[in-house]
Amino acid sequence: MTVLTLPIAPDEFLGLSALVELGRTADADHPSATAGAITDADIVGQARALMRSALADKLTAANLSWAPSADAVKEHAAEATEPTGRLHKFADNATVRRDASYVLVAAGLATLVGGYAGPWKWTGFEANGQVWDWLNLLLLPVVLGTIPLWIQHREYIGKSRRIIHGAFIVAFTGFVLAGYLVPVSWTGFSGQTLWNWIELLVLPAALAITAALAGRGGRYQVRLLRPYERGMVIALVAGWIVTVIGGYALRWTWTGYPGNTLWDWLQMLLVPLVFPTILLPFLLIWISGDAAKRAAMAHEAPAVASAAAMGGTTS
């Protein structure tokens, strides 16, 4: 075994100690849980486990297997240094990307003007001139391109940006209410029932949640919901139950529920939302015998054993 001694800064040492202590707290009910003061072996074991996990993630991101051979690394490096094609060079050029964005924006504006105010009937914009039509067109790609990033990298989203997102949601909610209450005909909202909104939102929501749950390599990362997330889910489910009772028992026509059978609900909710976001992650764990967790434990076990053999190598 190659022994490499690395200096550890005080803040890093405190962080490792905290993780060891948290690990002991989580395993307090386990018969093999270790009590007593934190030793150097504990710190080394935690550091090696973190290093092994980070190495595995980096190698996976680089399309390399664990502990790659020298030949595999050379082959991969040779592929990475191969000259890129012209398309890749254009895509990596910031000036080209900026100019292309300007061209696309100008072309989009010209198409909108020609389609709505001009004679360009071929655009089909005149027949789809309501906000509702554009929501059906754009909501799915916008949600799929933004929500998973917000969920996976929420710690990097600053407070000011969160405020902007919240203000936009509040403003859009007010805009929707105005479309119904005023009403504003060009929004296309006044004729839409709650059933139509659920049909509009369920697929983008399902794809966004599924993409957020999928980790690197398509592995699902099932985690417990935070308190505010549980509160939101409970509020949504409770509100949906109220509308179901009102729609079917009290004949609330604005819900659009009357006339829709259980089969219609299953077709709309079960396949796109419930199955991929709730059932599929746990089904994958059961089918694989929780292979992902066992693989992580197998990676950590040699690290802990090696740390015990090395003893105190921290400084």
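In this text, all values refer to a predicted model and were calculated from it rather than measured experimentally.

**Side note on the overall build of the protein**
Now for step 1: Helix and strand content of the protein: eleven helices and zero strands.
Now for step 2: Tracing the protein from N to C terminus, the helices and strands come up as α-α-α-α-α-α-α-α-α-α-α.
Now for step 3: Here the protein holds 315 residues, and the buried ones make up 21% of them.
Now for step 4: A fraction of 56% describes how many contacts in the protein between residues 6 or more apart in sequence connect residues 24 or more apart.

**Some words on the pattern of salt bridges**
Now for step 1: As enumerated under the stated definition, the model contains two salt bridges in all.
Now for step 2: Residue Asp 99 is joined to Arg 98 by a salt bridge in which the shortest nitrogen-to-oxygen separation is 3.7 Å.
Now for step 3: The class for Asp 99 is partly exposed, based on a relative accessible area of 37%.
Now for step 4: Taking the shortest distance from any N to any O, the salt bridge between Lys 121 and Glu 126 comes out at 2.7 Å.
Now for step 5: Residue classification places Glu 126 among the partly exposed residues on the basis of a relative accessible area of 49%.

**So, the confidence of the model for the protein**
Now for step 1: On average, residues of the protein carry a pLDDT of 78, and 75% of them reach 70 or more.
Now for step 2: No element of the protein has a lower mean pLDDT than helix 11 (residues 291-310), at 55, and none a higher one than helix 7 (residues 159-181), at 90.
Now for step 3: When the criterion is pLDDT under 50, residues 305-315 qualifies, and its contacts beyond four places in sequence or with other chains add up to 20 contacts.

**A few points about the environment of Ala 47**
Now for step 1: By secondary structure assignment, the location of Ala 47 is in helix 2 (residues 40-61).
Now for step 2: By relative accessible area, which is 28% here, Ala 47 ends up partly exposed.

**Comments concerning the nonpolar core**
Now for step 1: Ranked by size, the top nonpolar core spans ten residues in total: Val 131, Trp 132, Leu 135, Leu 139, Val 143, Val 176, Phe 189, Trp 197, Leu 200 and Ala 208.
Now for step 2: Of all the secondary structure elements, the ones that give two or more residues to this core are helix 6 (131-152) and helix 8 (194-213).
Now for step 3: Residues in contact with Val 176, not counting those within four places in the same chain, are Phe 189 and Trp 197.
Now for step 4: The next biggest cluster of nonpolar side chains, apart from the first, holds seven residues, and it includes Ile 198, Val 202, Tyr 257 and Met 268.

**Section: the packing of aromatic side chains**
In this description, a pair of aromatic rings is defined by centroid distance and the angle of the planes.
Now for step 1: For the structure on display, the rule yields 17 aromatic pairs.
Now for step 2: Both rings, one in Trp 252 and one in Trp 254, keep their centres 5.6 Å apart while their planes meet at 20°; by these two values the pair is stacked.
Now for step 3: We classify Trp 252 as partly exposed; its relative accessible area is 28%.
Now for step 4: Ring pairing ties together the aromatic residues Trp 132, Phe 168, Phe 172, Phe 175, Tyr 180, Trp 186, Phe 189 and Trp 197, which thus form one cluster.

**Considering the side chain of Thr 187**
Now for step 1: With respect to the secondary-structure elements, Thr 187 resides in the loop between helix 7 and helix 8.
Now for step 2: Residue Thr 187 is classed as buried on the basis of its relative accessible area, which comes to 0%.
Now for step 3: At 2.6 Å, the side chain of Thr 187 and the backbone oxygen of Val 184 are in polar contact.
Now for step 4: If we skip the residues at most four places from it in the chain, Thr 187 touches Gln 130, Val 131, Trp 132, Phe 175 and Gly 179.

**Thoughts on the side chain of Asn 260**
Now for step 1: Positionally, Asn 260 belongs in the loop between helix 9 (227-248) and helix 10 (262-288).
Now for step 2: On the accessibility criterion, Asn 260 (17% relative accessible area) is buried.
Now for step 3: There is a polar contact of 2.8 Å between the side chain of Asn 260 and the backbone oxygen of Gly 256.

**Observations concerning helix 9**
Now for step 1: Taking 1.5 Å of rise per residue, 22 residues should cover 32 Å, and helix 9 covers 32 Å from first to last C-alpha, within 8% of that figure.
Now for step 2: Buried within helix 9 we find Glu 229, Thr 243, Gly 246 and Gly 247. Taken down its axis, helix 9 places every buried residue within 125° of arc, on the same side. Pointing more than 90 degrees away from the buried face of helix 9 are the exposed residues Pro 227, Ile 234 and Ile 245.

What counts and what doesn't
Residues numbered from 1 in each chain as written. Predicted model: local features only at pLDDT ≥ 70, side-chain atom pairs only at ≥ 80, totals over all residues. Heavy atoms only, no water. Helix = DSSP H or I, 4+ residues; strand = E, 2+ residues; numbered from the N terminus. Buried < 20%, exposed > 50% of the residue type's maximum accessible area, 1.4 Å probe, protein only. Contact = heavy atoms within 4.5 Å. Salt bridge = Lys/Arg side-chain N within 4 Å of Asp/Glu carboxyl O. pLDDT = per-residue confidence, 0-100. Core = buried A, V, L, I, M, F, W, Y, C linked by side-chain atoms within 4.5 Å. Phe/Tyr/Trp six-rings, centres within 6.5 Å; stacked < 30°, edge-to-face > 60°. Polar contact = N/O pair within 3.5 Å; in protein donor to acceptor, adjacent residues only side chain to side chain. Expected span 1.5 Å × (residues − 1). Arc of directions from axis to C-beta.

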